[in-house]
Amino acid sequence: MTSMSRARVARRIAAGAAYGGGGIGLAGAAAVGLLLAEVQLARRRVGIGTPDRVPNARGLYGGTLPTASEAPLRLMMLGDSTAAGQGVHRAGQTPGALLASGLAAVAEQPVELDSVAQPGACSDDLDRQVALVLSGSGRVPDICVIMVGANDVTHRMPATRSVRHLSGAVRRLRTAGAEVVVGTCPDLGTIERVRQPLRWVARRTSRQLAAAQTIGVVEQGGRTVSLGDLLGPEFAKNPRELFGPDNYHPSAEGYSTAAMAVLPSVCAALGLWPADEEHPDALRREGFLPVARAAAEAASEAGTEVAAAMPTGPRGPWALLKRRRRRRVAEAEPTSPSGV
């Protein structure tokens, strides 16, 4: 499927989400049914060789910095097992811990990490998760990172419904004053038990949902990062290294790869990224595009960020597409072992 075709499908899904339309088929029903059967076989292996529980990464990161006496930045993780870090053994290997450690280093300020992410969650669970975030006694998080979408595909949730819940979550968090970065639906076509031609169907379905998610998120004032990298080309080349023991969730190295893709966007959302990198670089094929086209291009290339730009244009809202440089994130440990 071409970028322009993917953009048209993404626009239709996003429009259906915004106006309450029904589900829009992402692939033939028979093909999707076969795909789900293959994915469910892979999902049954989840838990084999993995921790019985998700490591608790909540806590204060960067507490030994000279600025430790200042109020820490607040980072909140929402979404599914990817956001929670299922599949690794140590808290410091989870994406939340890696992001908190990296953010503390860039900001030169402590970061308080909390999470309401739930393994197995679909996008409709974001309503509950956002309510938890906003009902707490503490201040609203400075930045919220959402990783969601894979379970929506495997549970046959209509794409319009999926995007509607995600867009609503971003809107509520942005209205409350939090910055929001969303890691879009990963590429399910790299799960080892999924074979061709279903692998192609899985990749197509994942990318279509990711593009539609991007449109919905950007229109609500958030920004997205393509997580095709999470289960994408790097994983396909190195499945034994980048997948965890269950061959479904990422390994510690896989989560580090994802965190490297998301961290620059988290820092940029908080105004912490170098100013000279905020301008589009033509050599990296960055620039201003209609939001649907930017969403389609981002879905095809992992680690690509899309953020709102001009309010509107002849072809609707516009967005800035960035291919940010990745910086390696070391395994992190909180400096407050008691958590938050």
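For the structure, see preceding data.
Keep in mind that this is a model prediction, so the values were computed, not measured.

Chemist: Would you take a moment to explain helix 7 (residues 159-176) for this structure?
Modeler: Structurally, the α-helix is built with 3.6 residues per turn, so residues lying three or four positions apart point the same way. The end-to-end C-alpha separation of helix 7 is 26 Å, in line with the 26 Å expected for 18 residues at 1.5 Å each. The complete set of buried residues in helix 7 reads Ala159, Thr160, Ser162, Val163, His165, Leu166, Ser167, Gly168, Ala169, Val170 and Leu173.

Chemist: Can you help me understand the nonpolar core in this one?
Modeler: What tends to happen in soluble globular proteins is that the nonpolar side chains get buried as a cluster. Membership of the largest hydrophobic core comes to 35 residues, with the highest contact counts inside it found for Leu75, Leu99, Leu103, Val145 and Val262. Secondary structure elements with two or more residues in this core: strand 2 (73-79), helix 3 (81-84), helix 4 (95-107), strand 3 (111-115), strand 4 (143-147) and helix 11 (252-269). For this core, the element with the highest residue contribution is helix 11, accounting for nine residues. Among residues more than four places away in sequence, those in contact with leucine 75 are Gly96, Leu99, Ala100, Val111, Glu112, Leu113, Asp114, Ile143 and Val145.

Chemist: What should I look at first to understand helix 5 (residues 126-135) in this one?
Modeler: Within the span of helix 5, buried status applies to Leu126, Gln129, Val130 and Val133. For helix 5, the buried positions fall inside an angular range of 95° around the axis, keeping them on one side. On its buried face, helix 5 sits against strand 2, strand 4 and helix 7.

Chemist: I tried to follow the packing of helix 5 against helix 7 on my own but got confused; where do I start?
Modeler: Helix-helix packing: each pair is described by the crossing angle between the helix axes and the interaxial distance. It is the contact of helix 5 with helix 7, at a shortest axis distance of 9 Å, that shows an interaxial angle of 10°. As judged from the angle between their axes, helix 5 and helix 7 are roughly parallel. Each of Leu126, Asp127, Val130, Ala131, Val133 and Leu134 in helix 5 lies in contact with helix 7, whose residues at this interface are His165, Leu166, Ala169, Arg172, Leu173 and Ala176. Classifying every residue of the contact of helix 5 with helix 7 gives nine nonpolar, one polar and two charged.

Chemist: Mind showing me how you'd approach the pattern of salt bridges here?
Modeler: A side chain of one charge can pair with a side chain of the opposite charge if their charged atoms are brought near each other. All told, the structure shown has 14 salt bridges when counted by the stated rule. Aspartate 124 is paired through a salt bridge with arginine 161; the nearest N and O atoms lie 3.0 Å apart. Taken together, the positions of aspartate 124 in the loop between strand 3 and helix 5 and arginine 161 in helix 7 put the pair 37 residues apart, joining distant regions of the chain. The class of aspartate 124 is partly exposed, set by a relative accessible area of 29%. For arginine 161, a relative accessible area of 35% gives the class partly exposed. We note a salt bridge from glutamate 305 to arginine 223, for which the minimum N-O separation is 3.1 Å. One end of the pair, glutamate 305, is in strand 8 (residues 305-308); the other, arginine 223, is in strand 6 (residues 223-225), and 82 residues separate them in sequence.

What counts, and at which threshold
Residues numbered from 1 in each chain as written. Predicted model: local features only at pLDDT ≥ 70, side-chain atom pairs only at ≥ 80, totals over all residues. Heavy atoms only, no water. Helix = DSSP H or I, 4+ residues; strand = E, 2+ residues; numbered from the N terminus. Expected span 1.5 Å × (residues − 1). Buried < 20%, exposed > 50% of the residue type's maximum accessible area, 1.4 Å probe, protein only. Core = buried A, V, L, I, M, F, W, Y, C linked by side-chain atoms within 4.5 Å. Contact = heavy atoms within 4.5 Å. Arc of directions from axis to C-beta. Axes fitted to C-alpha atoms, helices over the stretch in contact; angles between N-to-C directions. Parallel < 35°, antiparallel > 145°, perpendicular 65-115°, else oblique. Nonpolar A, V, L, I, M, F, W, Y, C, P; charged D, E, K, R; others polar. Salt bridge = Lys/Arg side-chain N within 4 Å of Asp/Glu carboxyl O.

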